[in-house]
Amino acid sequence: QVQLVESGGGLVQAGGSLRLSCAASGRTFSSYAMGWFRQVTGKEREFVARISWSGGTTYYADSVKGRFTISRDNAKNTVYLQMNSLKPEDTAVYYCAGDSSYSGRYYSPVEYNYWGQGTQVTVSS
């Protein structure tokens, strides 16, 4: 069992930066791929980024490619999302998620077994 707790959200002006953190409990964190998703009220949860268990493979949504960077520190049981050049359309609740058994759909919420409670990111224009 893995529990995930996000932090680092907040209010930032367009063009600014934020770094989200996701702290995981459990000894098996280092064996899980991890992802970040975001959701606006009334819309579906949207894939943002994914990182393999080793950190060697990453995927990004086209909308954030070049602006966001996902990384992880297995010694600290933490995954990060560095968000630069933020835009108002990045406003959402951001969730981290853990995937214990990859089935190929890294972009789909159904791929992930564990979810955090979310952290709000608001980008003002």
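Structure shown above.
As a starting point, this report considers the structure included with it. If you're wondering where the values come from, they're calculated on a predicted model, not measured in any experiment. (Residues numbered from 1 in each chain as written. Predicted model: local features only at pLDDT ≥ 70, side-chain atom pairs only at ≥ 80, totals over all residues. Heavy atoms only, no water.)

1. Observations regarding unusual backbone geometry
Comment: phi is negative for the bulk of residues other than glycine, and the bulk of peptide bonds are trans.
Stage number 1. One non-glycine residue, asparagine 77, adopts positive backbone phi at about 55°.
Stage number 2. Looking at where asparagine 77 falls in the secondary structure, it is placed in the loop between β7 (68-73) and β8 (78-83).
Stage number 3. Even without being a glycine, serine 85 presents a positive backbone phi close to 50°.
Stage number 4. For serine 85, the location among the structural elements is in the loop between β8 and β9 (92-99).
Stage number 5. Here serine 85 falls in the partly exposed class, since its relative accessible area comes to 41%. (Helix = DSSP H or I, 4+ residues; strand = E, 2+ residues; numbered from the N terminus. Buried < 20%, exposed > 50% of the residue type's maximum accessible area, 1.4 Å probe, protein only.)

2. Thoughts on the state of the cysteines
Stage number 1. Going through the model one piece at a time under the given rule, you end up with one disulfide.
Stage number 2. Each disulfide pairs two cysteine sulfurs, and for cysteine 22 the partner residue is cysteine 96, the sulfurs being separated by 1.9 Å. On the sign convention where negative is left-handed, the bridge of cysteine 22 and cysteine 96, at about 45° about the S-S bond, is right-handed. You can see cysteine 22 sitting in strand β3 (residues 18-25) and its partner cysteine 96 sitting in strand β9, a full 74 residues away along the chain. Assigned by exposure class, cysteine 22 and cysteine 96 land together as buried. (Disulfide = S-S within 2.5 Å.)

3. Topic: the nonpolar core
Stage number 1. Counting residues in hydrophobic clusters, the biggest one holds 33 residues, and the most contacted among them are Trp36, Leu81, Met83 and Tyr94.
Stage number 2. Discounting chain neighbours no more than four positions away, the residues touching tyrosine 94 are Glu6, Leu20, Trp36, Phe37, Arg38, Val48, Phe68, Leu81, Met83, Gly118, Thr119 and Val121. (Core = buried A, V, L, I, M, F, W, Y, C linked by side-chain atoms within 4.5 Å. Contact = heavy atoms within 4.5 Å.)

4. Some words on the environment of tryptophan 53
Stage number 1. Within the fold, tryptophan 53 resides in the loop between β5 (46-51) and β6 (58-60).
Stage number 2. Judged by relative accessible area, tryptophan 53 falls into the exposed class, the value being 52%.
Stage number 3. Filtering out sequence-adjacent residues up to four positions away, tryptophan 53 remains in contact with Ser30, Ser31, Tyr32, Ala33, Arg72 and Asn74.

5. Examining the pairing of β7
Stage number 1. Residues Phe68, Ile70 and Arg72 of β7 are buried on one face, while the alternating residues Thr69, Ser71 and Asp73, pointing to the opposite face, are not.
Stage number 2. Examined bridge by bridge, β7 and β8 share six bridges and lie antiparallel to one another. Bridging from a neighbouring strand, phenylalanine 68 pairs with methionine 83 of β8.
Stage number 3. Hairpin connection of β7 to β8: four residues between the antiparallel strands, including asparagine 77 at a positive phi of 55°. (Pairing = 2+ DSSP bridges.)

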